[in-house]
Amino acid sequence: METKKLILVALTVFLAISATVRTDYIRPQPRKTLNLPWNPKNPSQPQQVHISLAGEKHMRISWVTEDKSTLSIVEYGTSPGRYTFSAEGEATSYSYLFYRSGKIHHTVIGPLEDDTVYFYRCGGKGPEFKLKTSPAQFPVTFAVAGDLGQTGWTKTTLDHIDQCKYNIYLLPGDLSYADYMQHLWDTFGELVQPLASARPWMVTEGNHEREKIPLFTDAFQSYNARWKMPFEESGSNSNLYYSFEVAGVHVIMLGSYTDYDELSDQYSWLKADLSKVDRNKTPWLVVLFHVPWYNSNYAHQREGDEMMVAMEPLLYAAGVDLVLAGHVHAYERTKRVNNGKSDPCGSVHITVGDGGNREGLAQKFTNRTS
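What counts and how
Residues numbered from 1 in each chain as written. Predicted model: local features only at pLDDT ≥ 70, side-chain atom pairs only at ≥ 80, totals over all residues. Heavy atoms only, no water. Helix = DSSP H or I, 4+ residues; strand = E, 2+ residues; numbered from the N terminus. Buried < 20%, exposed > 50% of the residue type's maximum accessible area, 1.4 Å probe, protein only. Contact = heavy atoms within 4.5 Å. Areas by Shrake-Rupley, 256 points an atom, 1.4 Å probe, with all protein chains shown as cover. Pairing = 2+ DSSP bridges. Axes fitted to C-alpha atoms, helices over the stretch in contact; angles between N-to-C directions. pLDDT = per-residue confidence, 0-100. Right-handed = clockwise from strand over helix to strand, strands pointing away. Patch = residues over 30% accessible without salt bridge, like charges linked within 9 Å, V, L, I, M, F, W, Y side chains within 5 Å. Salt bridge = Lys/Arg side-chain N within 4 Å of Asp/Glu carboxyl O. Lys, Arg positive; Asp, Glu negative; His and termini not counted. Charge placed at Lys NZ, Arg CZ, Asp CG, Glu CD. Polar contact = N/O pair within 3.5 Å; in protein donor to acceptor, adjacent residues only side chain to side chain. Parallel < 35°, antiparallel > 145°, perpendicular 65-115°, else oblique. Nonpolar A, V, L, I, M, F, W, Y, C, P; charged D, E, K, R; others polar. Arc of directions from axis to C-beta.

Asks: Would you mind showing me how to read the overall build of the chain here?
Replies: Looking only at helices and strands, one finds six helices and 21 strands in the chain. Within the chain, the fraction of its 370 residues that count as buried is 55%. Across the chain, the fraction of contacts at a sequence separation of at least 24, relative to all contacts at a separation of at least 6, is 72%. A total of about 17500 Å² of accessible surface is found on the chain, and carbon and sulfur atoms cover 51% of it.

Following this line, the structure appears as structure tokens:
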């Protein structure tokens, strides 16, 4: 237990949006949606650049170009303007009613050195970007905020995160709030590029990513095309759930909006993934998904119950330390809990779904405790 406490000090989980319970505190009103001006660029210039972990010592670089002939090449090295390595990846695109996406590139680079700054450029031209890989051992810092959207508060959240020394950003669902308006995926990509091109963004889907139109479009079409995560690298057959490891932490990203019952592929994958975790190598086990299982807010009451019934026994048996969720636009933290009650062997659950979305904050709780 003392070792665990020391590790807890070493492992800093930074919550980008926090709250102090005070009776005289009044939450500010939601800010307006950002009006991002149209900024015409060279069709071959990389846009919406973001990076994500892609297996041990590898990183996936993702970007969009209007020019469909641009190659999915990333050149990189440890000195500005000197690219001693290169890699070629894959590209995709999609149509959504009358919208046609640009060419969406995904290129994996590596192996990379730990805790090292790399300089890179996409497509063989355009601006130079800079990223930093994660450390191989503690301490490691995660920034966490869900339900981002594209409002003035989103910008405040991103500015706040940018001021902090973090290694990886975790987003438990609801990214762009495009909600069928596909150009908002493009503006979101441009909005987050300064941060997302420099540190890995590991995301999972929320309800605002579904965008399904029966007979016309599949669910999560835009999300899956744009935000490819390391599902194949972690043995999953779906981009909606996957896992990764970094510096003594095994992180599992689950899908609240794909099947999770005992007969589902996600359930089987989760059971297998948990069985492979070596707690000597990765003493911390963290799980993220969108819909919280423990929620005393009036908003979205009991929406996570069915998933909790199916999957909480697996998490409890594996000794999961921390569960992070979004969806409810508020902050809430539990004690260690399991099966609806306090349990010293259960997980701590934290809801952090007030990242800045246009719907505003969920301020009414059924039972507040300090």
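Asks: What is the right way to read the sheet that holds strand β19 (residues 331-338) from this model?
Replies: By definition, the strands of a sheet pair up through backbone hydrogen bonds, in either a parallel or an antiparallel sense. Overall, mixed pairing links the seven strands, which are arranged β15-β16-β17-β18-β21-β19-β20 in an open sheet. The two strands at the open ends of the sheet, each matched to only one other strand, are β15 (242-246) and β20 (341-342). In terms of strand pairing, β19 meets β20 through two bridges, oriented antiparallel. Looking at β20, one finds that V337 is bridged to S342. Helix α5 (residues 265-275) rests against β15, β16 (249-253) and β17 (284-288) of the sheet, and its axis sits at about 180 degrees to β16. In this fold helix α6 (residues 305-318) packs onto β17, β18 (322-325), β19 and β21 (347-352), with an angle of close to 70 degrees to the strand it touches most, β19.

Asks: Please clarify how the confidence of the model for the chain should be interpreted in this entry.
Replies: Low-pLDDT stretches of the model should not have their predicted coordinates read in fine detail. Scored by pLDDT, the chain comes out at a mean of 89, with 88% of its residues at no less than 70. Here residues 1-25 scores under 50 on pLDDT; set against residues more than four positions off or in separate chains, the count is 47 contacts.

Asks: Any chance you could explain the pairing of β17 here in plain terms?
Replies: Both faces of the sheet carry side chains from a regular strand, because those side chains alternate between them. For β17, the buried fraction is high: five of the five residues fall into the buried class. In β17, alternate side chains face the same way, and those of W284, V286 and L288 on one face and L285 and V287 on the other are all buried. For the crossover from β16 across α5 to β17, the handedness is right-handed. After leaving β17, the chain enters α6 and then returns to the sheet as β18, a path that is right-handed.

Asks: What is the right way to read the sheet that holds strand β6 (residues 90-92) from this model?
Replies: Spatial ordering of the open sheet is given by β2-β3-β9-β6, a layout of four strands whose pairing is antiparallel. Where the open sheet ends on each side, the last strands, each with one partner, are β2 (47-53) and β6. Neighbour to neighbour, the strand axes of the sheet diverge by 20 degrees on average, direction disregarded. In the sheet, β2 pairs with strand β3 (residues 59-65) via five bridges, with the strands oriented antiparallel. The residue of β3 that forms the bridge with Q47 is V64.

Asks: Explain unusual backbone geometry here, please?
Replies: Leave glycine aside and you will find that most residues have negative phi; peptide bonds, for their part, are mostly trans. Put simply, G110 and P111 share a cis peptide bond, and its omega is 5 degrees. Turning to its location among the elements, P111 is positioned in the loop between β9 (103-109) and β10 (117-122). Going from F138 to P139, the amide bond is cis rather than trans, its omega being 0 degrees. One can find P139 in the loop between β11 (129-132) and β12 (141-144).

Asks: Is there a simple way to think about a negative patch on the surface in this case?
Replies: A cluster of acidic residues, D259, D261, E262 and D265, forms a negative patch at the surface. In this fold, D261 is placed in the loop between β16 and α5.

Asks: What should I look at first to understand the pattern of salt bridges in this one?
Replies: Side chains that differ in sign of charge can pair as their charged atoms come close. The final tally for this structure, using the stated rule, is 13 salt bridges. Measuring nitrogen to oxygen at the nearest pair gives 2.8 Å for the salt bridge that ties E233 to R60. Residue E233 is located in the loop between α4 (221-226) and β15, and its partner R60 is located in strand β3; the two are separated by 173 residues in the primary sequence. Of the charged contacts in the structure, one is a salt bridge between D115 and K132, with a shortest N-O distance of 3.5 Å. On the criterion of sequence distance, the pair formed by D115 in the loop between β9 and β10 and K132 in strand β11 is long-range, its members being 17 residues apart. For D115, a relative accessible area of 43% puts it in the partly exposed group. On the accessibility criterion, K132 (28% relative accessible area) is partly exposed.

Asks: Please clarify how the environment of T151 should be interpreted in this entry.
Replies: Along the polypeptide, T151 turns up in the loop between β12 and α2 (152-162). Look at T151 and you get buried, because its relative accessible area is 1%. With 204 residues separating them in the primary sequence, T151 and G355 have C-alpha atoms 9.6 Å apart. Within the structure, T151 has its side chain in polar contact with the backbone nitrogen of W153 (distance 3.1 Å). In terms of polar contacts, T151 uses its side chain to reach the backbone carbonyl oxygen of G356, at 2.3 Å.

Asks: How should I be thinking about the packing of α2 against helix α3 (residues 183-196) in this particular structure?
Replies: Relative orientation and spacing of two packed helices are given, respectively, by the angle between their axes and the distance between those axes. Orientation of α2 relative to α3, taken along the N-to-C sense of each, is 10 degrees, at an axis distance of 10 Å. Taken together, the axis directions place α2 and α3 in an arrangement best described as roughly parallel. On α3, the residues touching T154, K155, L158, I161 and D162 of α2 are L191, V192 and L195. The residue makeup of the contact of α2 with α3, split by class, is five nonpolar, one polar and two charged.

Asks: For this particular structure, what's the right way to read α5?
Replies: Considered for burial, the residues of α5 that qualify are Q266, Y267, W269, L270, D273 and L274. The buried residues of α5 all sit within an arc of 165 degrees when viewed along its axis, so they share a single face. Exposed positions of α5 whose direction lies more than 90 degrees from the buried face are D265, K271 and S275. Elements in contact with the buried residues of α5: β15, β16, β17 and α6.

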